[in-house]
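Chain by chain, the residues run as shown.
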Amino acid sequence: MKSLADLEAIRQKTFNKVNLRNESKDDTRIVVGMATCGIAAGARPVMQAFVEEINKRNLSDVYVSQTGCVGLCKYEPIVEVYAAGKEKVTYIKVSPEKVAKIVSEHIVNGKVVDEYTIGAVEK
Amino acid sequence: MKELSLNILDIAENSIAANASLVSICVTQDSHENLLSIVIADDGKGMDADFLKMVTDPFSTTRKTRKVGMGISLLKLIAEQSNGNLEIISEVGKGTTVKATFQYDHIDRPPLGSVEQTISVLVSCNLNVDFIYEHIFNDKRFKFDTREIKKILKETPMNNPDVILWVQEYIKEGIANITS
Ligand SMILES: Nc1ncnc2c1ncn2[C@@H]1O[C@H](COP(=O)(O)OP(=O)(O)OP(=O)(O)O)[C@@H](O)[C@H]1O
Ligand SMILES: [Mg+2]
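Parameters and conventions
- Residues numbered from 1 in each chain as written.
- Chains lettered and ligands numbered in written order.
- Predicted model: local features only at pLDDT ≥ 70, side-chain atom pairs only at ≥ 80, totals over all residues.
- Heavy atoms only, no water.
- Axes fitted to C-alpha atoms, helices over the stretch in contact; angles between N-to-C directions.
- Helix = DSSP H or I, 4+ residues; strand = E, 2+ residues; numbered from the N terminus.
- Left-handed = near helix turned anticlockwise from the far one by under 90°.
- Contact = heavy atoms within 4.5 Å.
- Nonpolar A, V, L, I, M, F, W, Y, C, P; charged D, E, K, R; others polar.
- 1 Å grid on protein atoms, 1.4 Å probe; cavity = no way out; pocket = protein on both sides within 12 Å on 5 of 7 lines; lining within 4 Å.
- Points joined across faces, edges and corners; volume = space filled by probe spheres on them.
- Parallel < 35°, antiparallel > 145°, perpendicular 65-115°, else oblique.

Caption draft 1: Local environment of the packing of helix α4 (residues 115–125) of chain B against helix α6 (residues 161–179) of chain B. Residue and element names in this part refer to chain B. For the pair α4 and α6, the least separation of the axes is 9 Å and the interaxial angle reads 145°. Crossing of α4 over α6 shows right-handed handedness. Mapping the contact onto sequence places V115, E116, Q117, I119, S120, V123 and S124 in α4 and I164, V167, Q168, I171, K172 and I175 in α6. Among the residues making up the contact of α4 with α6, the classes are represented as 7 nonpolar, 4 polar and 2 charged.

Caption draft 2: Representation of empty space enclosed by the protein within the structure. Throughout the structure, instances matching the rule amount to 1 cavity of 30 Å³ or more. There is about 50 Å³ of room inside the largest cavity. As for the largest cavity, its lining consists of V51, I54, V62, Y63 and V64 of chain A together with N159, P161 and I164 of chain B. Every element with two or more residues in the lining of the largest cavity is listed here: α3 (43–56) and β2 (62–67) of chain A together with α6 of chain B.

Caption draft 3: Inspection of the packing of helix α1 (residues 4–17) of chain B against α4 of chain B at higher detail. All names here are of chain B. As a packed pair, α1 and α4 sit with axes 8 Å apart at the nearest point and diverge in direction by 20°. One way to sum up the angle between α1 and α4 is to call them roughly parallel. The chirality of how α1 crosses α4 is right-handed. Contacts from S5, L6, I8, L9, A12 and E13 of α1 reach α4 at V115, T118, V121 and L122. Its residues placed into classes, the contact of α1 with α4 shows 7 nonpolar, 2 polar and 1 charged.

Here it is in structure tokens:
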């Protein structure tokens, strides 16, 4: 059973981590489109897959976030990756199955998964 | 949408877009009345009476990226197909309350689905907004309030991966406890 008391332990754990970590300018932000078009196309399970991957791999400087409709409804679910010092990468028609590859190749190893990007489709 | 919890997420996103600072979501299952109701209330910027009249029409939107708004008209359609209805009360500068009702055992009523994932998306992606989730099952009640949680977490943010999974588990267990 989860209880509010667990939160104190989580707080303690992250507090120690934050103190160990040097300045966190190198955060990576994973932004999922959460307007009606995105939600209807499956944005929530995509975000869930990112949360689970981040947890499994213990990635402490990677965060999920959301945005609205970017006007590309037919390409939803859309995921944008903002890594420090790099250009934004836009992945389209993302599914939970694609998430593992995006995390292992791009988020962890810095290698963009070109075949899933908007550039690959618009060519 | 396959789950009502996805509609809840979608309607709550309207509250975020309206700059709400507190969003309260309440799901009530009443088996004596054979009723399911979903209420989403915010303290955002609200709508005036004229706009509110149009809002269940898919062509009314204030969004700029496309011409049609779908969220509210979609939920209205689902509610009506399940022998229920959709009602919106709104006041400029005060906030908005959206209430959808459904015949609980109607064959066309979608399942509620994963409320815990919906709430976790909302709380982890909108750090400056507070959320209340209440689930009422006949005379039993479960309540989740981020203001309480943030008091304990202090500087640890709600988008911390451990916190996100805790939120999901906590809500899932909380609902299971009162409904089983
Ligand atoms: N809680 C709210 N507070 C203030 N205005 C709202 C609220 N909910 C909806 N509105 C207004 O009603 C319009 C229609 O909402 P609806 O959810 O149907 O479509 P949308 O949000 O514009 O687009 P979509 O949901 O398809 O992404 C919105 O553009 C907004 O102007
Ligand atoms: Mg909407």
